[in-house]
Amino acid sequence: MRFTNYNFFDPYYDKTYEQIEVPADLTQSPEDTILNYFSILREAENTEGRSCGTIGEAHIPYPLAYNFLSKVYQKRLSYEEYVHLFAGVGHIS
């Protein structure tokens, strides 16, 4: 898994979800897809200012994680709604 690399999220810092494509090596098999999706979410937090500082990579992982969803499902669930699903979440394990 690539998430042991502290620089993994660097390419996504200044990108919106529309500008991100999930790297093919993260979805080589159904198992890889699920493990990598939740590994990315594990690094996200959405405490909306209820903590001192940030946990993990703050909101940076959400645009990448959102792109694991199919385009059909994205039409039903906007990016904003997706991020709101994690409101109050400081860490996923």
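Cut-offs and rules
Residues numbered from 1 in each chain as written. Predicted model: local features only at pLDDT ≥ 70, side-chain atom pairs only at ≥ 80, totals over all residues. Heavy atoms only, no water. Helix = DSSP H or I, 4+ residues; strand = E, 2+ residues; numbered from the N terminus. Buried < 20%, exposed > 50% of the residue type's maximum accessible area, 1.4 Å probe, protein only. Contact = heavy atoms within 4.5 Å. Areas by Shrake-Rupley, 256 points an atom, 1.4 Å probe, with all protein chains shown as cover. pLDDT = per-residue confidence, 0-100. Core = buried A, V, L, I, M, F, W, Y, C linked by side-chain atoms within 4.5 Å. Expected span 1.5 Å × (residues − 1). Salt bridge = Lys/Arg side-chain N within 4 Å of Asp/Glu carboxyl O.

Here we take up the overall build of the protein. Assigned secondary structure in the protein consists of 4 helices and 0 strands. Reading the protein from its N terminus to its C terminus gives the helix and strand order α-α-α-α. When the 93 residues of the protein are sorted by exposure, 38% land in the buried category. Across the protein, contacts joining residues at least 24 apart in sequence account for 60% of those joining residues at least 6 apart. Accessible surface computed for the protein: about 6000 Å², of which carbon and sulfur atoms make up 54%.

A few words on the confidence of the model for the protein. When pLDDT is averaged along the protein, the result is 84, and 75% of the positions lie at 70 or above. Per-element mean pLDDT across the protein ranges from 93 in helix H1 (residues 30–42) up to 97 in helix H3 (residues 71–76).

If you look at the biggest cluster of nonpolar residues, it comprises 21 residues, and the most contacted ones within it are Ile40, Tyr62, Leu64 and Tyr82. For this core, the elements supplying multiple residues, two or more each, are H1, helix H2 (61–66) and helix H4 (79–84). Of all the elements, H2 adds the most residues to this core, at 4 residues.

Take H1 next. With 13 residues, H1 ought to run about 18 Å at 1.5 Å a step, and its terminal C-alpha atoms sit 18 Å apart, in line with that. Of all the residues in H1, the buried ones are Asn36, Tyr37, Ser39, Ile40 and Leu41. Residues of H1 that are buried make contact with H2 and H4.

Under the counting rule described, the total for this entry stands at 1 salt bridge. A salt bridge links Glu43 to Arg42, with the shortest nitrogen-to-oxygen separation between them at 3.4 Å.

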